[in-house]
Amino acid sequence: MKFYLLSDNVDTQMGMRLAGIDGIVIHTEEEVRRNLKEVMQRSDVAVVLITHTLFELCPELIMDYKLNVRQPLIVEIPDRHGNGRTSDSITKYVHDAIGIKID
């Protein structure tokens, strides 16, 4: 089982490639939807890494996969500028998953 990267920039892809992680550089919502669908069907991928910028193009689709598909796991990573999820992302994920609000 391996990791796979969906990135919006070459720098992130090259860094991950140096760590042995394959991936692709894409930029549009259509590309995210198409490539995510393909990688979610691969039996050899255990974790899909996706940059924050790409996550923001279709968050509802990605959250649907996160909540309803057991494998592969989708992990949002900061892009090269340090953008990432807000500090309450875990509480939002718990709320979306089981309907409990944590303050």
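The coordinates are above.
This section reports on the structure supplied with the text. (Residues numbered from 1 in each chain as written. Predicted model: local features only at pLDDT ≥ 70, side-chain atom pairs only at ≥ 80, totals over all residues. Heavy atoms only, no water.)

### So, the sheet that holds strand β2 (residues 22-25)
So the rule is basically this: Note on pairing: DSSP must find at least two bridges between two strands before they are called paired. Only DSSP runs of H or I reaching four residues or more are called helices, and only runs of E reaching two or more are called strands; each is numbered from the N terminus. Working convention: axes come from line fits to C-alpha atoms, limited for helices to the stretch in contact. Angles between N-to-C directions cover 0 to 180 degrees.
Across the sheet, which stays open at both edges, the four strands sit in the order β2-β1-β3-β4 with parallel pairing between neighbours. Since the sheet does not close on itself, it has two edges, and those belong to β2 and β4 (73-77), each with one partner. Adjacent strand axes in the sheet meet at a mean angle of 20 degrees, parallel and antiparallel pairs treated alike. Where strand β1 (residues 2-7) and β2 come together, four bridges link them in parallel fashion.

### As for helix α2 (residues 29-40)
Each α-helix turn comprises 3.6 residues. Residues three or four places apart therefore point the same way. Threshold: Expected helix span is computed as 1.5 Å times (number of residues minus one). Buried, partly exposed and exposed residues are distinguished by accessible area as a fraction of the type maximum, computed with a 1.4 Å probe on protein chains only: under 20%, between the cut-offs, and over 50%, respectively. The arc in question is the one traced by the directions running from the helix axis out to the C-beta atoms. Here, two residues are considered to be in contact whenever any of their heavy atoms come within 4.5 Å of each other.
Given a rise of 1.5 Å per residue, twelve residues ought to cover 16 Å, and the 16 Å separating the end C-alpha atoms of α2 matches this to within 8%. When α2 is considered as a whole, its buried residues turn out to be Val32, Asn35, Leu36, Val39 and Met40. Down the axis, α2 shows its buried residues gathered within 130 degrees of arc, on one side only. Against β1, β2, β3 (45-51), α3 (52-55), α4 (59-68) and β4 lie the buried residues of α2.

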